[in-house]
Amino acid sequence: MAPTANDGREGYLAFVESHQHRLLRAAYLICGNRHQAEDLLQDALLKLALRWTSVRDGDPAAYVRAILYRDAVSWWRRRRREWLSAAPPDQATRDRDGALRLALHDALGQLPPRQRAVLVLRYYEDLTEVATAEALGVTVGTVKSQCHSALRRLREVAPDLAPPTRAHSGDLATGVEVNP
């Protein structure tokens, strides 16, 4: 029996139902705005639907992530603006996870889109450097340098996010520290 158009539609709908929440969280982390994240995801899923027959046998989630990150950077370039305020931003409080999340969100918002995308792909999506480079359409070296610069910038804008310093210089590294 030959495959029908309905078979592709059902596969697409199953993919969307199983991946939409994770992809929406990734889009939100990239752009920092819930409404923009929903728009980005909707556009990415539309692009996926148009190419579903050629993408479904590969890794459609990677395809959508690449669209999300590229469209977010394109949107940012079109709408680049500075927001001036009379008062400095509020300081994050120290009430455990909620304050940490808010501080991280604010700090990510201060990074350029490409650096933000690299951090989200590497540490939130847990992609390898190679997979991150493929998703963003850049070289592995660019991913490494953007990640290094982004982590350095995060340390500058949000020192509260840094892990506590070790008392002994002989302690073993945890693997998440990056040289300044």
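Residues numbered from 1 in each chain as written. Predicted model: local features only at pLDDT ≥ 70, side-chain atom pairs only at ≥ 80, totals over all residues. Heavy atoms only, no water.

Caption draft 1: Representation of the packing of aromatic side chains in the model. Evaluated as defined, the whole model comprises two aromatic pairs. Ring centres 5.8 Å apart and planes at 40 degrees place the aromatic pair phenylalanine 15 and tryptophan 52 in the tilted group. Here tryptophan 52 lies in helix α2 (residues 34–55) and phenylalanine 15 lies in helix α1 (residues 5–31), a separation of 37 residues in the sequence. The residues phenylalanine 15 and tryptophan 52 share a single accessibility class, namely buried. Of note, arginine 22 hangs over the ring of tyrosine 124, and the distance from its end group to the ring centre comes to 5.7 Å. (Phe/Tyr/Trp six-rings, centres within 6.5 Å; stacked < 30°, edge-to-face > 60°. Helix = DSSP H or I, 4+ residues; strand = E, 2+ residues; numbered from the N terminus. Buried < 20%, exposed > 50% of the residue type's maximum accessible area, 1.4 Å probe, protein only. Lys NZ or Arg CZ within 6 Å of the ring centre and 35° of its normal.)

Caption draft 2: Quick peek at the packing of helix α5 (residues 113–124) against helix α6 (residues 129–136). Interaxial distance between α5 and α6 falls to 9 Å at its minimum, and their mutual angle equals 135 degrees. In terms of orientation, α5 lies oblique with respect to α6. Between α5 and α6 the crossing geometry is right-handed. When α5 is examined against α6, the residues Ala117, Val118, Leu121 and Arg122 are found in contact with a partner set consisting of Glu129, Thr132, Ala135 and Leu136. Considering only residue class, the contact of α5 with α6 consists of five nonpolar, one polar and two charged. (Axes fitted to C-alpha atoms, helices over the stretch in contact; angles between N-to-C directions. Parallel < 35°, antiparallel > 145°, perpendicular 65-115°, else oblique. Left-handed = near helix turned anticlockwise from the far one by under 90°. Contact = heavy atoms within 4.5 Å. Nonpolar A, V, L, I, M, F, W, Y, C, P; charged D, E, K, R; others polar.)

Caption draft 3: Broad picture of α6. Among the residues of α6, Thr132, Ala133, Ala135 and Leu136 are the ones counted as buried. For α6, the angular spread of the buried residues around the axis is 165 degrees, confining them to a single face. Phi turns positive one or two residues past the end of α6, at glycine 137, with a value near 70 degrees. (Arc of directions from axis to C-beta.)

Caption draft 4: A look at the confidence of the model for the protein chain. When the pLDDT values of the protein chain are averaged, the result is 80; 76% of them are 70 or greater. α2 holds the highest mean pLDDT among the elements of the protein chain, 93, whereas helix α4 (residues 97–109) holds the lowest, 79. Overall, residues 168–172 carries pLDDT values under 50, and its contacts beyond four positions in sequence, including any with other chains, amount to two contacts. (pLDDT = per-residue confidence, 0-100.)

Caption draft 5: Structural view of the nonpolar core. Residues Phe15, Leu45, Leu48, Val64, Leu68, Tyr69 and Leu119 are the most contacted members of the largest nonpolar core, which totals 42 residues. Elements supplying a minimum of two residues to this core: α1, α2, α3 (60–78), α4, α5, α6 and α7 (140–157). In terms of residue count, the dominant contributor to this core is α1 (nine residues). Each residue touching leucine 119, except ones within four places of it in the same chain, is listed here: Leu108, Leu111, Tyr124, Cys147, Ala150, Leu151 and Leu154. (Core = buried A, V, L, I, M, F, W, Y, C linked by side-chain atoms within 4.5 Å.)

Caption draft 6: Focus on the pattern of salt bridges. Applying the stated rule across the entire model yields five salt bridges. Residue glutamate 125 pairs with arginine 22 through a salt bridge whose shortest N-O separation is 3.7 Å. Here the residue glutamate 125 occupies a position in the loop between α5 and α6, and arginine 22 occupies one in helix α1, the gap between them amounting to 103 residues. Put simply, Arg22, Arg65 and Glu125 are held in one network by salt bridges that share partners. (Salt bridge = Lys/Arg side-chain N within 4 Å of Asp/Glu carboxyl O.)

Caption draft 7: Geometry of the side chain of glutamine 115. Locating glutamine 115 in the fold gives a position in helix α5. Ignoring any residue separated from it by four or fewer positions in sequence, one finds glutamine 115 in contact with Gln146, Ser149 and Ala150.

Caption draft 8: Seen up close, the environment of glutamine 42. Looking at where glutamine 42 falls in the secondary structure, it is placed in helix α2. As a C-alpha pair, glutamine 42 and glutamine 20 span 22 residues in sequence and 9.6 Å in three-dimensional space.

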